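# Coordinates in review
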Amino acid sequence: MIKNNTFLIPTLMLGVFALLSMELGAMGLLPLIADFYQVSVSDAGWVVSIFALIVAFSAPILPLLVAKYDTKKVMLVCLSIFAITSLFAAFCTNFILLLVLRAIPAFFHPIYCALAFSVAANAMPKGQEIKGTSKIFAAVSAGMTLGIPLASYLASKINLEFSFAFFAILNALAFVATIFFVPSQKAEEAKSQKEQFKVLAMPVVWASIALVVVATGAMFGFYSYMSEFLLNFTHIDFTLISLLLLAYGLSNVVGNFIAGKAFVRSANLTLWISLFIMLVLYILLFVFGTNVLLTSLILIILGVFAGIVNSGDHFMLTQPIPQAKEFANGLFISTANIGTTLGTALCGLFISLEGSGFAVLASVALVVLSLIIFALRAKLLKEKI
């Protein structure tokens, strides 16, 4: 356990918030990027896609490569790259160069996030590590919730360049905070990459990977099309949609904090109940999705349980393999990105076949699958739900 530091966890949260705002904030800038660089919106989407693809494929490997180095120094290198590339992006006038400036920090994303999870967990007493990681998930949720609308607001009120500069400022602040509040940590004797890869021979690891993929897909697949659902199925205007997206994200943060306490008491039962409640809420959304009041209430409650499940996914993947912490954290980041891609594609398919309201049914199917895989995983570990 790391010696208690009042500002350690908040510093890690700031860093993760800055990183997620930089990564996902570009989603709110796509029309402006397309206009500024004179490319199509679909081409502009590559500023997000290239980031996600690099993270998905590099996450299991890169955290292992830096495991032997001082954690603080590695985090400072990552944050400096995030800040510098964002600052250069603010002055970039060539679209291809912009993609390069988005690709470079993507390689360091899984390194920083994996270290943030590890440091936060190590800062907690033994048996309460989930309290630390749940706060990191709260920062992830805040980055997703506030990063996109904030970047969009700054670009619309000032200009596109200032949005990129804002990402640089956030990461620079996290850099300074890390210098003062994150202690230098001599790297623990890390197991060899070959030894850590051996955990892939364990069936429970593959069950945990599958659980993360489908559960994340259920949450973020629908979230990707939530605006579409509210606009064309619930029939509400963009002002209320923005408020509901914000309310959903804030309730997601609340769920992350609840998970920190609930998982210490009973991780399996908490996740099982949360998944089941999510299933019920998705069904209710499909049935009552045309009622504005009920839909608003359901989404706020759904956000809480999605936050709990999001924190639980990390616990479920890392719990069976404490001997491969670096690999487990990287593997989680990779599978979560794959799950988001899968869920978004499946929800999009349902929309194209049946209409906006059916996006939620894709999430229903994925939650049902999550419950089945969860039961299988518990059986492999011989745990009680």
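What counts as what
Residues numbered from 1 in each chain as written. Predicted model: local features only at pLDDT ≥ 70, side-chain atom pairs only at ≥ 80, totals over all residues. Heavy atoms only, no water. Helix = DSSP H or I, 4+ residues; strand = E, 2+ residues; numbered from the N terminus. Rg over C-alpha atoms; globule rule 2.2 N^0.38 Å. Buried < 20%, exposed > 50% of the residue type's maximum accessible area, 1.4 Å probe, protein only. Contact = heavy atoms within 4.5 Å. Areas by Shrake-Rupley, 256 points an atom, 1.4 Å probe, with all protein chains shown as cover. Lys, Arg positive; Asp, Glu negative; His and termini not counted. Salt bridge = Lys/Arg side-chain N within 4 Å of Asp/Glu carboxyl O. Axes fitted to C-alpha atoms, helices over the stretch in contact; angles between N-to-C directions. Left-handed = near helix turned anticlockwise from the far one by under 90°. Nonpolar A, V, L, I, M, F, W, Y, C, P; charged D, E, K, R; others polar. Expected span 1.5 Å × (residues − 1). Bend = angle between axes of the 7 residues up to and from the residue. Phe/Tyr/Trp six-rings, centres within 6.5 Å; stacked < 30°, edge-to-face > 60°. Arc of directions from axis to C-beta. Disulfide = S-S within 2.5 Å. Parallel < 35°, antiparallel > 145°, perpendicular 65-115°, else oblique. pLDDT = per-residue confidence, 0-100.

With that out of the way, let us pick up the overall build of the protein chain. A tally of helices and strands in the protein chain yields 16 helices and zero strands. Since a compact globule built from 385 residues should have a radius of gyration of about 21 Å, the 20 Å found for the protein chain is in line with a globular shape. When its C-alpha atoms are laid out on the principal axes, the protein chain stretches across 55 × 55 × 35 Å. In the protein chain, which comprises 385 residues, the share counted as buried stands at 56%. Pairs at least 24 apart in sequence give 82% of the contacts found in the protein chain among residues at least 6 apart. Counting every atom, the protein chain has about 16600 Å² of accessible surface; 71% of that belongs to carbon and sulfur.

With that out of the way, let us pick up the side chain of K72. Within the secondary structure, K72 sits in helix 6 (residues 71-90). At 7.6 Å, D70 is the nearest oppositely charged side chain to K72, a buried residue that forms no salt bridge. If we skip the residues at most four places from it in the chain, K72 touches T178, I179, V182, P183 and S184.

Its location among the elements puts A121 in helix 7 (residues 95-122). Classification of A121 by relative accessible area gives buried; the value is 14%. Sequence spacing of A121 and L353 is 232 residues, and the spatial spacing of their C-alpha atoms is 44 Å. Setting aside residues no more than four positions away along its own chain, A121 makes contact with E129 and T133.

At a minimum axis separation of 8 Å, helix 1 (residues 8-24) and helix 8 (residues 129-157) run at an interaxial angle of 35°. Considering only the axes of helix 1 and helix 8, their crossing is right-handed. Residues I9, L12, M13, V16, F17, L20, S21 and L24 of helix 1 pack against K135, I136, A138, A139, V140, A142, G143, M144, L146, G147 and I148 of helix 8. The class makeup of the residues in the contact of helix 1 with helix 8 is 15 nonpolar, three polar and one charged.

The next point concerns helix 8. Its 29 residues place the ends of helix 8 41 Å apart at the C-alpha level, agreeing with the 42 Å of an ideal helix rising 1.5 Å per residue. G147 marks where helix 8 bends most, by close to 35°; the proline P149 follows one to four residues later.

Scanning the entire structure with this criterion turns up 15 aromatic pairs. For the pair Y37 and F95, a centre-to-centre distance of 5.9 Å together with 55° between the ring planes defines the contact as tilted. Placement of the pair is Y37 in helix 2 (residues 30-37) and F95 in helix 7, with a sequence separation of 58 residues. A residue is classified by how much of its surface remains accessible, and Y37, at 10% relative accessible area, is buried. Aromatic side chains W272 and F374 sit 5.6 Å apart centroid to centroid with 40° between the ring planes, which places their arrangement in the tilted category. Of this pair, W272 sits in helix 13 (residues 238-288) while F374 sits in helix 16 (residues 359-381), placing them 102 residues apart in sequence. By way of ring pairs, the aromatic residues F222, F229, F233 and Y282 are connected into one cluster.

Within the span of helix 12 (residues 226-234), buried status applies to M226, F229, L230 and T234. Seen along its axis, helix 12 keeps its buried residues to an arc of 95°; they face one direction. After helix 12 finishes, the residue H235 shows a positive phi value of roughly 65°.

Mapped onto the elements, P10 comes out in helix 1. As a C-alpha pair, P10 and L115 span 105 residues in sequence and 14 Å in three-dimensional space.

Our focus in this paragraph is the state of the cysteines. Counted by the stated rule, this structure contains zero disulfides. There is no disulfide at C113, and the cysteine sulfur nearest it, in C78, is 9.3 Å away.

Attention now goes to the packing of helix 6 against helix 9 (residues 160-181). Helix 9 packs onto helix 6 with a crossing angle of 160° between their chain directions and a minimal axis gap of 7 Å. Of the possible angle classes, the one that applies to helix 6 and helix 9 is roughly antiparallel. The crossing of helix 6 and helix 9 is left-handed. In contact with K72, L76, L79, S80, F82, A83, S86, L87, A89 and A90 of helix 6, helix 9 contributes E161, F164, A165, F167, A168, N171, A172, A174, F175, T178 and I179.

Moving on to the confidence of the model for the protein chain. Here the protein chain averages 86 in pLDDT, while 95% of its residues score no lower than 70. Predicted confidence in the protein chain is weakest over helix 10 (residues 193-197), with a mean pLDDT of 68, and strongest over helix 6, with 96.

What follows deals with unusual backbone geometry. A positive phi is found at Q38, a non-glycine position, where the angle reads about 55°. Turning to its location among the elements, Q38 is positioned in the loop between helix 2 and helix 3 (41-44). Residue Q38 is classed as exposed on the basis of its relative accessible area of 66%. Backbone geometry at H235 places phi at a positive 65°, although glycine is not the residue there. Along the polypeptide, H235 turns up in the loop between helix 12 and helix 13.

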